[in-house]
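Letter by letter, the chains look like this.
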Amino acid sequence: MFKKRIWKYILISFCWLASLGGLVVLMSFIDVKKAGVLCTDVKVYIPGNQYFIDKDEIDNILQIKRHALIGHALEGINIRALEDKLKANPFIETAKVYTDMDGVIWVEITQRQPILRILNQDDKDFYVDQHGFKVPLSANFTAQVLAANGFIDEPFSGRVDTLHTEIAREVFATADYIRKDSLWDAQIAQIYVNKDHEIELIPRVGNQRILLGNADSLDVKFHNLLAFYKKALPQMGWDTYKTINIKYANQVIGVKNVMTKQDSINAKNGVKDSIKATIDSAITTKDTSQIKN
């Protein structure tokens, strides 16, 4: 019985050694084959519908045309250096470069996805991506995202950076919340920060400003706003109020406009029908079961 166990261990060890030896031989064979492979093509994959970066820009970054990667031996091409060049671009979030045995260099790019555009107090304009990083504007593409301006003292150095000020982080949190809700994404046109560092929302339908205050309790505040939209505005009209204050979690305060009857009619006639129809439909279908009367 003891001898059988010894032979069993010897056989297992031999199999492992044979497998390891075969792997070494195979890797050596691959290295030898790779050493003789020339770059035959560079293929670029850029998923998504944002176009800060296109294939011509990738060519420029990698210097594919000027230094002619195609035709060079793969072993002489520094793949890591190519990745580092791509990652240094502010519009590229991730970059992966690798080769195959046919001599093709594959480039996979993930672009940054902006959700907000900020114009700060120094008139510096920049995007904020979905992870909260500041990104410069692009000469190639303009993202259709929510805009914010006013008394925003967030600095911008022209490079990718985190948000440094509390007000910028609150504006970002508000924009992120709005974009994830189809109703508010359709209704809110702009974010404004007033001199008291309070957030105001400017709607597409209605002339009023919505005083949000800060980014705390966004679920409660927007639920209260929806309840106000459903109950008060259909009776009073979309342009009755100049301010809707939702910054307090337990109440909504509406401040009325002083308008003549004809002014009210003219304002209502000026509402964009297509946008209003979209919002009315969203209000009708949206689940309001958690809204308190």
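Residues numbered from 1 in each chain as written. Predicted model: local features only at pLDDT ≥ 70, side-chain atom pairs only at ≥ 80, totals over all residues. Heavy atoms only, no water.

By the naming in an unreviewed UniProt entry, the chain is Cell division protein FtsQ, taken from Mucilaginibacter mallensis.

Undergrad: Hey, could you go over the overall build of the chain for me, with residue numbers and the actual values?
TA: Along the chain, the regular secondary structure elements total 10 helices and 13 strands. Looking at the chain residue by residue over its 293 residues, the buried ones come to 38%. At a minimum sequence separation of 6, the contacts of the chain that also span at least 24 residues come to 57%. (Helix = DSSP H or I, 4+ residues; strand = E, 2+ residues; numbered from the N terminus. Buried < 20%, exposed > 50% of the residue type's maximum accessible area, 1.4 Å probe, protein only. Contact = heavy atoms within 4.5 Å.)

Undergrad: Could you give an account of the sheet that holds strand E6 (residues 133-135), with specific residues and numbers?
TA: Each strand in a sheet pairs with another by means of backbone hydrogen bonds, the pair being arranged parallel or else antiparallel. Strand order in the open sheet formed by 10 strands is E8-E6-E5-E4-E7-E9-E10-E11-E12-E13, with mixed pairing between adjacent strands. Looking at the sheet topology across the chains shown, the edges are occupied by strand E8 (161-162) and strand E13 (253-256). Relative to strand E9 (residues 188-193), strand E7 (residues 146-150) is paired through 4 bridges, and the arrangement is parallel. In the sheet register, Ala147 faces E9, and the bridge partner there is Gln190. Along the sheet, helix H5 (residues 166-179) makes contact with strand E4 (114-119), strand E5 (125-129), E7, E9, strand E10 (199-203) and strand E11 (209-213), crossing E4 at roughly 140°. Strands in contact with helix H7 (residues 218-231) are E10, E11, strand E12 (241-245) and E13; relative to E11, the strand with the most contacts, it is inclined by about 155°. (Pairing = 2+ DSSP bridges. Axes fitted to C-alpha atoms, helices over the stretch in contact; angles between N-to-C directions.)

Undergrad: Break down the pairing of E7 for me, with residues and values.
TA: Within a regular strand, the side chains alternate between the two sheet faces. In the sheet, E4 pairs with E7 via 3 bridges, with the strands oriented parallel. For Arg117, the partnering residue across the bridge sits in E7 and is Ala147.

Undergrad: An account of helix H2 (residues 55-62) is needed here, citing residue identities and associated values.
TA: Every buried residue of H2 is accounted for by Ile58, Asp59, Ile61 and Leu62. Taken around the axis of H2, the buried residues stretch over an arc of 165°, which confines them to a single face. Gln63, located one to two residues past H2, shows a positive phi value of around 55°. (Arc of directions from axis to C-beta.)

Undergrad: Can you explain the packing of H5 against H7? Please cite residues and give values.
TA: Running from amino to carboxyl end, H5 crosses H7 at an angle of 55°, the nearest separation of the two axes being 11 Å. What the angle tells us is that H5 and H7 run oblique. Remark: the crossing between H5 and H7 carries right-handed chirality. Only Leu218, Asp219 and Phe222 of H7 make contact with H5, whose side of the interface consists of Ala173, Thr174, Tyr177 and Ile178. Tallied by class, the residues present in the contact of H5 with H7 amount to 5 nonpolar, 1 polar and 1 charged. (Parallel < 35°, antiparallel > 145°, perpendicular 65-115°, else oblique. Left-handed = near helix turned anticlockwise from the far one by under 90°. Nonpolar A, V, L, I, M, F, W, Y, C, P; charged D, E, K, R; others polar.)

Undergrad: Residue-level account of the pattern of salt bridges, with values.
TA: Scanning all chains against the criterion turns up 11 salt bridges. Residue Lys134 is joined to Asp161 by a salt bridge in which the shortest nitrogen-to-oxygen separation is 4.0 Å. Taken together, the residues span a long stretch of sequence, with Lys134 in strand E6 and Asp161 in strand E8 at a distance of 27 residues. Residue Asp161 is classed as buried on the basis of its relative accessible area, which comes to 17%. Close ionic contact of Glu198 with Lys247 constitutes a salt bridge, the shortest N to O distance being 2.8 Å. Here Lys247 lies in the loop between E12 and E13 and Glu198 lies in the loop between E9 and E10, a separation of 49 residues in the sequence. (Salt bridge = Lys/Arg side-chain N within 4 Å of Asp/Glu carboxyl O.)

Undergrad: Account for the nonpolar core, naming residues and giving values.
TA: Counting residues in each nonpolar core, the largest one holds 38 residues, and the members touching the most others are Leu116, Val171, Trp184, Ile191, Leu201, Phe222 and Leu225. The greatest single-element share of this core, amounting to 7 residues, is contributed by H5. Sequence-distant contacts of Leu201, that is, excluding residues within four places in its chain, are made with Thr174, Ile178, Ile188, Gln190, Ile191, Gln208, Arg209, Ile210, Leu212 and Phe222. Counting residues in each nonpolar core, the second largest holds 26 residues, with Leu74, Ile77, Ile92 and Ile105 among its members. (Core = buried A, V, L, I, M, F, W, Y, C linked by side-chain atoms within 4.5 Å.)

Undergrad: Describe the environment of Ile167, listing the residues and the values that go with them.
TA: Of note, Ile167 is situated in helix H5. In the structure, Ile167 is positioned 48 residues away from Ala215 in sequence and 9.1 Å away in space, judged by C-alpha atoms. Excluding its chain neighbours within four sequence positions, the residues that come into contact with Ile167 are Asp153, Val193, His197 and Ile199.

Undergrad: Give a description of the pairing of E4 that names residues and reports values.
TA: As paired elements, E4 and E5 share 5 bridges and run antiparallel to each other. Its bridge partner being in E5, Pro114 is matched across the sheet by Asp129. Taken together, E4 and the strand that follows it, E5, pair antiparallel across an intervening segment of 5 residues, in which Asp123 is found at a positive phi of about 60°.

Undergrad: How would you summarise a nonpolar patch on the surface if you had to cite specific residues and measurements?
TA: A contiguous nonpolar surface patch, about 220 Å² in accessible area, is contributed by Tyr248, Ile253 and Val255. Topologically, Val255 is positioned in strand E13. (Patch = residues over 30% accessible without salt bridge, like charges linked within 9 Å, V, L, I, M, F, W, Y side chains within 5 Å. Areas by Shrake-Rupley, 256 points an atom, 1.4 Å probe, with all protein chains shown as cover.)

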